[in-house]
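Residue-level listing of the chains:
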Amino acid sequence: MKKERRGSLAAGMMLILLGVLFLIAQFVPGLQAYFTFSWPLIIVGTGVVMLILAVLAGVPGLAVPACVIGGIGAILYWQNTTGNWDSWAYAWTLIPGFVGLGVLLNGLLGGEDTRQAVSAGFWSILISLGLFAIFGSLFGAIEIGGRYWPALLIVLGLLVFVKEAGHRGSIVGPVILIGLGIVLLLINLEVLSWNAWEVIFLLWPVLLVAAGLDILIGRRSALGSLLALALTLVLLVWLLWLYGTDTGIGEAAGTQISQTPDGASQATIMVNPAVGRLNVEALPESAYLVEGTIPQGVQGSVKRDFAVEDETANFTLKLQGVTLGPFVGGGARGMWNLGLNSQIPTQLKTELGVGETQVDLTNLTLRDVQVNTGVGQTTVILPNEGNFEARIEGAIGQTTVIVPRSMGVRIHLATGIAARQVPPDYQGHNDIYTSPGYEGADGRVELKVSQAIGNVTIRYPE
């Protein structure tokens, strides 16, 4: 039987089987209700039927879509049963494994180039499982190795290198995996005190070096690939030591900055370092509205505005003229450390493109809070008292909100491909989580948190 004929036969049989199944469901109320609440099983069943037809009709190519459809259906069934839809933040990594399983079965069922198909399928499955373990650990869904989980990245990178070296492939992929694994492992072990995003945006030119070495010596032989990988990793480790030790390189002394309230009874404060590390907290018994330090060398590019209107002090501190391109330079390592007057009611807004933000609202008198971070890590500590609204927005990275037990908190949580962790005693409904005793609390916060990609953690103080 010709391949076209076998394909048509498989498609026709699959449609007939699905049609018969749905007709039975139409006339059997119990089965209809089961499918209504367990609808992902229809997707799983479709994949199973396609796989059976791949075997019976002799169409091995159907194995790939069958495994992908069936696998996604299985994920959806688990999510629908547990309600854990946020697991897509790491569950998507299984899809390449489903493809690999289909390719492997395609080869075993007599598809073209069986040996190559089995090998490609095996590697896809292995890499997919590695990514699942890595992302699952990153988002706190599974516990593998504790704080040593970045070692999985290193192992995966070595596996990819072994695979690519045999075909004189590029070393850039393995360099990314191994380098990221080394960085995250050193951060977890507290050898480096940096934020991971800070390291990535500071040392990205290492990838250009890796690509150059790959072109010059890496693709000539397996030994050349090994030498290029070793030289790149030696460079990376040297740079980590250079910037991570007390050599003075990459560091800059802080420049003092201060502003009095000039008689204002309330304030609106906006801080935008663009890149770097921002720390905001309350000043202890101070006559200043704002006092602290900014990195030396950027003061010439900082726009500082202050005006008092209707007893409201408007203060802006903004780094201007910064290119949000590949160069984050010294600003990425510089610390913006600012203290705010604890007695003046304040509307606070911070914006950071790349880096780390920590906002400690303890002891501050607040009217409104908005914290925006593009790429990086954000930590916000809520005060023990007060009534205000707060908005925390992140694009890529990790957002942590520390909420005291004495404060009533209602959280509106919006996540894209991001995992979320909320205290177990919070009541949740339709992405709205409410702390115990919220309605009767003296101090209440209406909190809106959004994170596109990454992780959101709401927790009590340790």
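Keep in mind that what you see is a predicted model, and the values were worked out from it rather than measured.

Here is what the cut-offs are and how they apply
Within every chain, residues take consecutive numbers counted from 1 along the sequence as written. Side-chain atom pairs in this predicted model are given and counted only at pLDDT of 80 or more, local residue features only at pLDDT of at least 70, and totals for whole chains, interfaces and linings cover all residues. Only hydrogens and water are set aside; all other atoms, that is, all heavy atoms of the structure, feed into the side-chain values. By definition, any uninterrupted DSSP run of H or I lasting at least four residues is a helix, any uninterrupted run of E lasting at least two residues is a strand, and each is numbered from the N terminus. Relative accessibility decides the category of a residue: with a 1.4 Å probe and only protein chains considered, values under 20% of the type maximum give buried, values over 50% give exposed, and everything between is partly exposed. Every residue pair with non-hydrogen atoms within 4.5 Å of one another is taken to be in contact. For the accessible areas, the method is Shrake-Rupley and the probe is 1.4 Å, while residue cover comes only from the protein chains on display. Among buried residues, those of type Ala, Val, Leu, Ile, Met, Phe, Trp, Tyr and Cys that are joined through side-chain atoms within 4.5 Å constitute a nonpolar core. Take the residue count of a helix, subtract one, and multiply by 1.5 Å to get its expected span. In this description, strands pair whenever DSSP reports at least two bridges between them. Patches draw on residues past 30% relative accessible area with no salt bridge. Two like charges within 9 Å are joined, as are two nonpolar side chains (Val, Leu, Ile, Met, Phe, Trp, Tyr) within 5 Å. For this analysis, a salt bridge means a side-chain nitrogen from Lys or Arg found within 4 Å of a carboxyl oxygen belonging to Asp or Glu.

Caption draft 1: Summary view of the overall build of the chain. A tally of regular secondary structure across the chain gives 12 helices and 13 strands. By residue count, 45% of the 462 residues in the chain fall in the buried class. Taking as baseline every contact in the chain between residues at least 6 positions apart, the subset at least 24 positions apart corresponds to 64%. Carbon and sulfur atoms make up 62% of the accessible area of the chain, which totals about 22700 Å².

Caption draft 2: Layout of the nonpolar core. With 47 residues, the main nonpolar core has Ile269, Leu361, Ile411 and Leu447 as its most contacted residues. Those residues in contact with Leu447 that sit more than four places away from it in its chain are Ala390, Ile392, Val401, Val409, Arg410, Ile411 and His412.

Caption draft 3: Structural view of the environment of Ile52. Structurally, Ile52 is set in helix H3 (residues 40-56). Residues Ile52 and Leu62, spaced 10 residues apart in sequence, show a C-alpha to C-alpha distance of 9.3 Å.

Caption draft 4: Fine view of helix H4 (residues 63-82). In this model, H4 (20 residues) spans 28 Å end to end at C-alpha, consistent with the 28 Å of a helix rising 1.5 Å per residue. Those residues of H4 that fall on the buried side of the exposure criterion are Ala63, Ala66, Cys67, Val68, Gly70, Gly71, Gly73, Ile75, Leu76 and Gln79. Looking at the buried positions of H4, the neighbouring elements they touch are H3, helix H5 (88-91) and helix H6 (95-108).

Caption draft 5: Representation of the pairing of strand E6 (residues 335-340) in the model. Bridge count between strand E2 (residues 266-282) and E6: six bridges; the pairing is parallel. Paired with Arg277 across the two strands is Met335, which belongs to E6. Bridging between strand E3 (residues 290-295) and E6 involves four bridges; their strand directions are antiparallel. Of the residues in E6, the one forming a bridge with Thr293 is Asn337.

Caption draft 6: Structural view of a nonpolar patch on the surface. On the surface, a cluster of nonpolar side chains totalling about 450 Å² of accessible area is made up of Val48, Ile52, Val55, Leu56 and Leu109. Structurally, the position occupied by Leu56 is in helix H3.

Caption draft 7: Structural detail: the pattern of salt bridges. This model, assessed by the stated rule, comprises seven salt bridges. Note that Arg391 and Asp368 form a salt bridge whose closest N and O atoms lie 3.1 Å from each other. Of this pair, Arg391 sits in strand E9 (residues 387-402) while Asp368 sits in strand E8 (residues 366-381); the two residues are 23 residues apart in sequence, bridging distant segments of the chain. Owing to a relative accessible area of 23%, Arg391 belongs among the partly exposed residues under this scheme. Overall, Asp368 belongs to the buried group, its relative accessible area being 13%. Here Glu439 ties to Arg444 by a salt bridge, and the two come within 3.5 Å at their closest N and O atoms. Taking the relative accessible area as the measure of exposure, Glu439 reaches 62% and is therefore exposed. For Arg444, a relative accessible area of 29% gives the class partly exposed.

Note that all results are geometric; they support no functional claim without further evidence.
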